[in-house]
Amino acid sequence: MDILRFITAGSVDDGKSTLIGRLLYDSKSIMIDQLEAIEKQTKNRDDGEIDLALLTDGLRAEREQGITIDVAYKYFSTPKRKFIIADAPGHIQYTRNMVTGASNSDLAIILVDARNGVVEQTRRHSIIASLLNIPHVVVAINKMDLVGYSEEVYNNIVADYKEVAKSLGLKDVIYIPISALNGDNIVDKSEQFSWYKGKSLLDILESVELADDINLTDARFPVQYVIRPQTEELHDYRGYAGKVISGIYKKGDKVLVQPAGLKSTISAIELAGKEVEEAFAPQSVILHLEDDIDISRGDLIVKEDNLPSVENELDVLICWMGSKPLKEGSKYLLQINSRVVKAVVKEIQYKLDVNSLKQEAAPEQAQLNDIIKATIKTASPIPYDSYKKLRVNGGAILIDETSNVTVGACMIQ
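An account of the accompanying structure is given in this report. (Residues numbered from 1 in each chain as written. Predicted model: local features only at pLDDT ≥ 70, side-chain atom pairs only at ≥ 80, totals over all residues. Heavy atoms only, no water.)

## Side note on the environment of Lys-250
Here Lys-250 lies in strand 9 (residues 248-250). On the basis of relative accessibility, which here comes to 42%, the residue Lys-250 falls in the partly exposed class. Distance from Lys-250 to Ala-268, taken between C-alpha atoms, is 8.4 Å for residues 18 residues apart in sequence. Contacts of Lys-250, omitting those with residues within four sequence positions, involve Ile-266, Ile-269, Glu-277 and Glu-278. (Helix = DSSP H or I, 4+ residues; strand = E, 2+ residues; numbered from the N terminus. Buried < 20%, exposed > 50% of the residue type's maximum accessible area, 1.4 Å probe, protein only. Contact = heavy atoms within 4.5 Å.)

## Structural notes on the sheet that holds strand 5 (residues 136-142)
Strands sit in the order 2-3-1-4-5-6 across an open sheet of 6 strands; the sheet is mixed. The open sheet is flanked by strand 2 (72-77) and strand 6 (172-177), the only strands paired with a single partner. Each strand of the sheet is rotated relative to its neighbour by a mean of 25 degrees, with strand direction disregarded. Helix 4 (residues 95-102) contacts strand 1 (3-9), strand 2 and strand 3 (82-87) of the sheet and is inclined by roughly 160 degrees relative to strand 1. (Pairing = 2+ DSSP bridges. Axes fitted to C-alpha atoms, helices over the stretch in contact; angles between N-to-C directions.)

## So, the packing of aromatic side chains
Going through the model one piece at a time under the given rule, you end up with 8 aromatic pairs. Ring plane angle 65 degrees and centroid distance 5.6 Å describe the contact between Trp-320 and Tyr-332, whose orientation is recorded as edge-to-face. Taken as a pair, Trp-320 in strand 16 (residues 309-320) and Tyr-332 in strand 18 (residues 331-336) lie far apart in primary sequence, 12 residues in all. Just as Trp-320 is buried, Tyr-332 falls in that class too. (Phe/Tyr/Trp six-rings, centres within 6.5 Å; stacked < 30°, edge-to-face > 60°.)

## A short note on the nonpolar core
Core analysis: the biggest nonpolar cluster contains 71 residues, and Phe-6, Ile-109, Ile-141, Tyr-161 and Leu-205 have the highest contact counts within it. Among the elements that make up this core, the one with the highest residue count is helix 6 (residues 151-168) (7 residues). With sequence-adjacent residues up to four places away left out, Ile-141 is seen in contact with Val-112, Ala-114, Tyr-154, Ile-157, Val-158, Ile-176, Pro-177 and Ile-178. If you look at the next biggest cluster of nonpolar residues, it comprises 23 residues, including Val-316, Leu-326, Leu-334 and Ile-376. (Core = buried A, V, L, I, M, F, W, Y, C linked by side-chain atoms within 4.5 Å.)

## Topic: the environment of Asn-355
Its place among the elements puts Asn-355 in the loop between strand 19 (339-352) and strand 20 (359-360). The class of Asn-355 is partly exposed, set by a relative accessible area of 23%. When the C-alpha atoms of Asn-355 and Arg-124 are compared, they prove to be 4.9 Å apart, with 231 residues separating the residues in sequence.

## Focus: the pairing of strand 22 (residues 371-384)
Extensive coverage of strand 22 is indicated by the burial of 10 of its 14 residues. Across 10 bridges, the pairing between strand 16 and strand 22 is antiparallel. In the sheet register, Val-310 faces strand 22, and the bridge partner there is Pro-383. With 8 bridges joining them, strand 19 and strand 22 adopt antiparallel strand pairing. From the neighbouring strand, Glu-347 faces strand 22, where its bridge partner is Thr-375.

## Concerning helix 4
Helix 4 sits mainly inside the fold: 6 of its 8 residues count as buried. Turning to helix 4, its buried residues number three or more, namely Thr-95, Asn-97, Met-98, Val-99, Gly-101 and Ala-102.

## Considerations on a nonpolar patch on the surface
A contiguous nonpolar patch, built from Ile-214, Leu-216 and Phe-280 and spanning about 230 Å² of accessible area, is present on the exposed surface. Mapped onto the elements of the fold, Leu-216 is located in the loop between helix 7 (201-207) and strand 7 (220-227). (Patch = residues over 30% accessible without salt bridge, like charges linked within 9 Å, V, L, I, M, F, W, Y side chains within 5 Å. Areas by Shrake-Rupley, 256 points an atom, 1.4 Å probe, with all protein chains shown as cover. Salt bridge = Lys/Arg side-chain N within 4 Å of Asp/Glu carboxyl O.)

## Comments concerning the pairing of strand 3
Extensive coverage of strand 3 is indicated by the burial of 5 of its 6 residues. Relative to strand 3, strand 1 is paired through 6 bridges, and the arrangement is parallel. Residue pairing for strand 3: Phe-6 is matched across the bridge by Ile-85. The pairing of strand 2 with strand 3 spans 6 bridges and is antiparallel. Each bridged residue has a counterpart across the sheet, and for Lys-74 the counterpart in strand 3 is Ile-85. Turn length for the strand 2-strand 3 hairpin, with the two strands adjacent in sequence and antiparallel, is 4 residues.

Written out as structure tokens, the structure is:
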């Protein structure tokens, strides 16, 4: 069964917590003890309704007390698919948290309050979804019960958002009217929307195609571990373990080991302890090569006829997550997949306004939550693809050498 990772984004009071609570409640993904605890907490309410927002607000309260739960993750499943929800806070000062949650997401649900329409926060979240190349976007127009389930209000918001989507180049955008509080169009189609011909939110989440998002063209295999048992029965065994992050590898393929550029041929492929003729993303396998060449963790095995870029100077967009500012000349470790190299920030080119995508003058230093374009020089060459082309081989992180804390999320241009 495949897994859909999605993030929910919206302004404060757009109903994000209620939406997640409703999904978990109506899909019967809440433990009985959890449900009893929530019922106890809400028994004093006049209407007797369960406050579904409490399912996630416990974590949010912890976050507000300064405990470092950057992104709250919720897990649930239906007979058709497993789901991981990244619940990131919506405030502008938590931009880094949204970037963290969105970086591994296949889909973003962007909540819009039907009374307010498309606001600045909607644009900002859409910009981050666009920057991070999230393949699918669902625009959930919430609180439709407060505008009388009006088709006209819904159509006006859809028309406004289409302009935003067009300007940002968002490709797969689905629109849906909902009321998270009442459960309209969340798990089941609602009779309140006789004019809406689309699916319910859960139907959309269960049926969105993920296979199309896996790149099977550009073969990339970062080596995670070199296996050399050196026992009597496996005296000459040498295998390269890792995950095929994109593309397809077959026995007999001519390959190149980057960044050194060493050539060889795949002699065998092992999957779950058995030899197979081919492997494809996202399988974890062991590759064997015909030649006994120098390969170590962090090297990238690619096909001869489809090569990544190999450079030691990179243009990157950085979302700065460190409490200390980033300055030109600062030194860090840069990690892309399993490859870790020393790096220095050579130049800050400009700062990106996350509300408008406008380029602002280069600041002397980048502060927490800033998104900047910078040039980074690495101590040794990095094999990479641009983030827009191949997300799995174009995303990197900057690590503080002394504290080992991740301080920057990078999108290589």
